Amino acid sequence: MTATPAPTTTATTAAKNAAQTAAATGEAKKATVDYESFLKLLTAQLRNQDPLAPMDATQFMTQLAQLSTVEQSMRSNDTLGQVLDTLKSSGMRMDMALLGRKVEVESDQLSLSEGKAQAAYTVDGTPASVKLEVLNAAGAVVYGTSGSLQPGRQVFDWTGKTSAGATAPDGLYTLRVTAKDKDGKALTAATVITDTVAEVRSVDGATKFVLKNGATVGSDAVLSAS
């Protein structure tokens, strides 16, 4: 019986193309374990195929197409990574443009300077009671008063006078807003302050703004700039 010849020229050419593809991928980036495993499996299949029953050309081309898909996915991941790095760099440059500008941010950090401190607050829903409290760095309440029950944005001004009638030192305080509806259910409140950006930092890939009053906020807390 006459032996069937070795794999066809088409299969040999396809194998060479697969090897070239693998080499090109290695130059762009070290292949992942899944990609290497797929390539080793395909190579072993070609090496150990039965000469009397070589691999079907259609099946072989299907496997090559799968190999190409894996490679393209890896290249796409590399490209996406480069795009993300570019966007981060671009975003940082845009954030730097806020340096020295006055911004309105969502924050409860209240700055007292020369007897003046101001913040704004809003309450979700219709409040039946609103309590405003100013806390010092130790978390102790130094001043408290009732807030407005009107809907919408409200402004809170503090002269630095404590509930005991003393004068609080300049510095950074916390404004706590507690609101409840007519049934005593707690309502969500948000506080807003206006200050100047003194410094822009990148912390773990995220932009942080250091305000003139010493508070640090994330870029997502910035509501407006002027």
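Computed from a predicted structure; not experimentally measured.

## Focus on the side chain of Ser107
Item 1. In this structure, Ser107 sits in the loop between β1 (102–106) and β2 (109–112).
Item 2. A polar contact of 3.1 Å, which involves the side chain of Ser107, links it to the backbone nitrogen of Gln109.
Item 3. What Ser107 contacts, discounting residues up to four positions off in sequence, is Thr191, Val192, Ile193 and Val217.

## A few points about the side chain of Asn213
Item 1. With respect to the element layout, Asn213 can be found in the loop between β10 (206–211) and β11 (216–218).
Item 2. According to the relative accessible area criterion, Asn213 is buried, its value standing at 14%.
Item 3. Those residues within four positions of Asn213 in sequence are excluded, and the remaining contacts are Gln109, Ser111, Leu172, Ile193 and Asp195.

## Things to note about the packing of aromatic side chains
Item 1. Tallied over the entire structure, the rule returns three aromatic pairs.
Item 2. Note on Trp158 and Tyr173: the rings are 5.1 Å apart at their centroids and 80° apart in plane angle, and the pair reads as edge-to-face. Here Trp158 is found in strand β6 (residues 154–158), whereas its partner Tyr173 is found in strand β7 (residues 171–180), with 15 residues between them in sequence. Each member of the pair, Trp158 as well as Tyr173, is classed as buried.
Item 3. Ring pairs connect the aromatic residues Tyr143, Phe156, Trp158 and Tyr173, which therefore count as one cluster.

Conventions and cut-offs
As a convention, each chain's residues are numbered from 1 in the sequence order in which they are written. Given that the model is predicted, a residue must reach a pLDDT of at least 70 before its local features are reported, and side-chain atom pairs must reach 80 or more before they are shown or counted; all residues, however, enter totals for whole chains, interfaces and linings. Side-chain figures throughout are based on the complete set of non-hydrogen atoms in the structure, without hydrogens or water. Only DSSP runs of H or I with at least four residues qualify as helices, and only runs of E with at least two residues qualify as strands; both kinds are numbered from the N terminus onward. Within 3.5 Å is the distance limit for a polar contact, defined as a pair of N or O atoms, with the added protein rule that one can donate a hydrogen and the other accept it, and that residues adjacent in sequence qualify only through two side-chain atoms. Any two residues whose heavy atoms approach within 4.5 Å at even a single point are treated as in contact. Burial status follows relative accessibility: with a 1.4 Å probe on protein chains alone, a residue under 20% of its type maximum counts as buried, one over 50% as exposed, and anything between as partly exposed. Each aromatic pair joins two rings of Phe, Tyr and Trp (for Trp, the six-membered one) with centres within 6.5 Å, and gets the label stacked for planes under 30 degrees apart, edge-to-face for over 60, and tilted for any other angle.

Geometry only, nothing functional implied.
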